[in-house]
Amino acid sequence: MKNNCKSVMDFYLLATKLKYKLRSAWDSTHWNITCERKESIAEHIYGTLILSIGIYSEFNIDIDFNKVLKTLVLHEIGEVLIGDITPFDNVTPEEKQNIEHKAMLKVLGDLSNKEELYELLLEFDERKTKEAKFAYLCDKIEADIQAKVYQDMGFHRSLDDQKNNVVFNNSKVQELIDNGAQTAFDIWYSWDKDKYKNDPIFKELFNYVKDNDTNV
């Protein structure tokens, strides 16, 4: 019994440090939003869970929803050790996945069902099952929604005030600006819209977010 309690607390105390880890997209070397309190990784996870509940409630989706919830709860746990690595941080997708997988195993620690949980995370990365695909899209669109929320709240800087933004210096982002992007969310929308083009539910939701004020 004592060893079980230790396994529980070791996992809990390490994994819940995500409450204090900030999402990199909003920091001073990325979009550098102007609000004092920025989103944590744990808050992003909570957002994906709430979003998935809403989508599952309103659309007829044939998935094992309990599996989706477990996946979303765990999908960022490696970041408690390695931080939130974005596609603009000079780390290849292969390198990122490798260090994430090692971090996930370490955070899962000595849990009795460690292998089952780890396999769930690998399934999320591979995106071959309908549950993994759904969870992946929830993860991606939640970040897009948060970008729109910050835009609607007036926390995004103008595109003329992005001198330290590693995202802004990306050649594809510069091309989007040349093609008419006027706000940070314009760039987020154009960058990510193709992720949802083959899923009518997420495509419709993303367009709804684009066309409506998120201030409630």
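Structure shown above.
Quick caveat, the model's predicted, so the values are computed rather than measured. Each chain has its residues counted from 1, running along the sequence as written. At least 70 in pLDDT is required for a residue's local features to be given in this predicted model, at least 80 for side-chain atom pairs to be given and counted, and no such filter applies to totals for whole chains, interfaces and linings, which use all residues. Only hydrogens and water are set aside; all other atoms, that is, all heavy atoms of the structure, feed into the side-chain values.

Turning to helix 9 (residues 184-192), its buried residues are Ala184, Phe185, Ile187, Trp188, Tyr189 and Asp192. Contacts are residue-level and defined by heavy atoms, with any inter-residue pair within 4.5 Å sufficient. Numbering of helices and strands starts at the N terminus; helices are DSSP runs of H or I of at least 4 residues and strands are runs of E of at least 2. Turning to helix 9, the residues buried within the fold contact helix 7 (130-152), helix 8 (171-178) and helix 10 (200-211). A simple rule labels every residue: compare its accessible area, found with a 1.4 Å probe on the protein chains alone, to the largest value its type can have, and call it buried under 20%, exposed over 50%, or partly exposed in between.

Each pair of aromatic rings taken from Phe, Tyr and Trp, with Trp reduced to its six-membered ring, is defined by centres within 6.5 Å and is described as stacked if the planes are under 30 degrees apart, edge-to-face if over 60, and tilted in the remaining cases. Taken as a whole and judged by the stated rule, the model has 11 aromatic pairs. Between Phe88 and Trp191 the ring centres are 5.2 Å apart and the planes differ by 55 degrees, which places this aromatic pair in the tilted class. Here Phe88 is found in the loop between helix 4 (79-82) and helix 5 (93-108), whereas its partner Trp191 is found in helix 9, with 103 residues between them in sequence. Residue classification places Trp191 among the partly exposed positions, given a relative accessible area of 23%. Ring centres of Tyr196 and Phe202 lie 6.5 Å apart, and the angle between their planes is 15 degrees; on these two criteria the pair is classed as stacked. Residue Phe202 is classed as buried on the basis of its relative accessible area, which comes to 1%. One aromatic cluster in this structure is built from Phe134, Phe185, Tyr189, Tyr196, Phe202 and Phe206. The criterion is that NZ of a Lys, or CZ of an Arg, lies within 6 Å of the ring centre and within 35 degrees of the ring normal, and then a charge sits over that ring. Here Lys148 stacks its cationic end above the ring of Phe185, 5.9 Å away from the centre of that ring. Lys172 extends its terminal NZ or CZ atom over the ring of Trp191, reaching a point 4.3 Å from the ring centre.

What follows deals with the nonpolar core. Membership of the largest hydrophobic core comes to 56 residues, with the highest contact counts inside it found for Trp26, Trp31, Ile55, Phe134, Trp188 and Phe202. For this core, the elements supplying multiple residues, two or more each, are helix 2 (41-58), helix 3 (65-74), helix 5, helix 6 (114-126), helix 7, helix 8, helix 9 and helix 10. Ranked by residues supplied to this core, first place goes to helix 7 with 10 residues. Not counting residues within four places of it along the chain, the set of residues in contact with Trp188 comprises Ala25, Trp26, Trp31, Ala143, Asp144, Ala147 and Phe206. Buried Ala, Val, Leu, Ile, Met, Phe, Trp, Tyr and Cys residues that are joined via side-chain atoms within 4.5 Å together make up what is termed a nonpolar core.

The relative placement of two packed helices is expressed as an angle between their axes plus a distance between the axes. Note on definitions: angles span 0 to 180 degrees between N-to-C directions of axes, and those axes are lines fitted to C-alpha atoms, for helices only across the stretch in contact. The N-to-C vectors of helix 8 and helix 9 enclose an angle of 115 degrees; their axes lie 10 Å apart at closest approach. By the angle class used here, helix 8 and helix 9 are roughly perpendicular. Note on packing geometry: the crossing formed by helix 8 with helix 9 is right-handed. Side by side, helix 8 and helix 9 meet where Lys172, Val173, Leu176 and Ile177 of the first sit next to Ile187, Ser190 and Trp191 of the second. Of the residues contributing to the contact of helix 8 with helix 9, the split by class is five nonpolar, one polar and one charged. We call two directions roughly parallel when the angle between them is under 35 degrees, roughly antiparallel when it is over 145, roughly perpendicular when it lies between 65 and 115, and oblique otherwise. Here a crossing is called left-handed whenever its near helix is offset anticlockwise from the far helix by less than a right angle, and right-handed whenever the offset is clockwise. Classes in brief: Ala, Val, Leu, Ile, Met, Phe, Trp, Tyr, Cys and Pro nonpolar; Asp, Glu, Lys and Arg charged; the others, Gly included, polar.

What follows is about the layout of surface pockets. Site definitions follow a grid-based scheme: protein atoms alone, a 1 Å grid, a 1.4 Å probe that fits but cannot get out for cavities, and for pockets an open set with protein on both sides within 12 Å along at least five of seven lines, plus lining residues having an atom within 4 Å of a point. Grid points are joined across faces, edges and corners, and a volume is the space filled by probe spheres set on the points. Taken as a whole, the largest pocket holds about 990 Å³ of empty space. Lining the largest pocket we find 36 residues, and of these Ile85, Thr86, Pro87, Lys96 and Lys140 sit closest to its centre. Of all elements in the fold, only helix 5, helix 6, helix 7 and helix 9 reach the threshold of two or more residues within the lining of the largest pocket. The residue makeup of the lining of the largest pocket, split by class, is 17 nonpolar, six polar and 13 charged. Glu39, Glu43, Gly47, Glu142 and Gln146 are, among the 16 residues lining the second largest pocket, the residues nearest its centre. Looking at which element gives the most residues to the lining of the second largest pocket, the answer is helix 2, with six residues. Taken together, the residues that form the lining of the second largest pocket break down as nine nonpolar, three polar and four charged.

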